Amino acid sequence: MRKWTWVRVVIVILSFAIALFPSPKTASVPPLDWEALLAALLVIPIGLLFVVGIQRVNPRSAPVWRYPDWSLNPFTMKEPLQFFHFASYVFLAGGVGHVIRVAVSSNQATLDDLFGAAIGVGLLIGVKLCAVVFRNKMGPKKEPA
């Protein structure tokens, strides 16, 4: 594996592992409801389209973006999809770890416990949507090994 693959994997595993340990209960006030979770799943991809759209016309952006890949640097400022792709998996891992912790604990589960995973899913949907909407900025797809 390449260096950036290892960096991504380690950070995603850390996100998952940290979420498995209890932290001070910080519930939303008022608590989240289904509409808030659905809004996160819809608003995040639309917001990501806006943010990435600005980068689309940024002259400092790379002339051609590569499709998100675990072996590429997620912290490059020239290819925003790399970062948001990475962030989606960090949120997903943390969200899944949190859900597992709540499921095995005696704590009452709430919709707040799903919010991290919902953010991760929203970001992943947004990245896929950006790759389609800004396909003329995207380079050729990498063939699976």
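Quantities reported herein were computed from a predicted structural model and do not represent experimental measurements.

**Considerations on the confidence of the model for the protein**
Do not read the fine detail of predicted coordinates wherever pLDDT is low. On average, residues of the protein carry a pLDDT of 90, and 94% of them reach 70 or more. Highest mean pLDDT in the protein belongs to helix α1 (residues 3-19) (96); lowest belongs to helix α2 (residues 34-57) (92).

**With respect to the side chain of H85**
Structurally, H85 is set in helix α3 (residues 80-104). For H85, a relative accessible area of 7% puts it in the buried group. Setting aside its immediate chain neighbours within four residues, H85 contacts R8, P68, W70, L124 and V127.

**What to know about the nonpolar core**
Counting 13 residues, the largest nonpolar core has L48, V52, W65, L81, F84, L123 and C130 as the members making the most contacts within it. Of all the elements in the fold, those that place two or more residues in this core are α2, α3 and α4 (115-133). Take this core: its biggest share by element is four residues, from α4. Not counting the four nearest positions on each side in its chain, L48 is found in contact with G53, F84, L123, G126, V127 and C130.

**Side note on the packing of α2 against α4**
When two helices pack together, their arrangement is given by the angle between the helix axes and by the axis-to-axis distance. Relative to each other, α2 and α4 sit at 40°, their axes nearing to 8 Å. Comparing their axes, α4 and α2 come out oblique. Crossing of α2 against α4: the hand is right-handed. Contact residues: L37, A40, L41, I44, P45, L48, L49 and V52 in α2; F115, A118, I119, V121, G122, L123, I125, G126, V127, L129, C130 and V133 in α4. When its residues are assigned to classes, the contact of α2 with α4 shows 18 nonpolar, two polar and no charged.

Thresholds, definitions, all that
Residues numbered from 1 in each chain as written. Predicted model: local features only at pLDDT ≥ 70, side-chain atom pairs only at ≥ 80, totals over all residues. Heavy atoms only, no water. pLDDT = per-residue confidence, 0-100. Helix = DSSP H or I, 4+ residues; strand = E, 2+ residues; numbered from the N terminus. Buried < 20%, exposed > 50% of the residue type's maximum accessible area, 1.4 Å probe, protein only. Contact = heavy atoms within 4.5 Å. Core = buried A, V, L, I, M, F, W, Y, C linked by side-chain atoms within 4.5 Å. Axes fitted to C-alpha atoms, helices over the stretch in contact; angles between N-to-C directions. Parallel < 35°, antiparallel > 145°, perpendicular 65-115°, else oblique. Left-handed = near helix turned anticlockwise from the far one by under 90°. Nonpolar A, V, L, I, M, F, W, Y, C, P; charged D, E, K, R; others polar.

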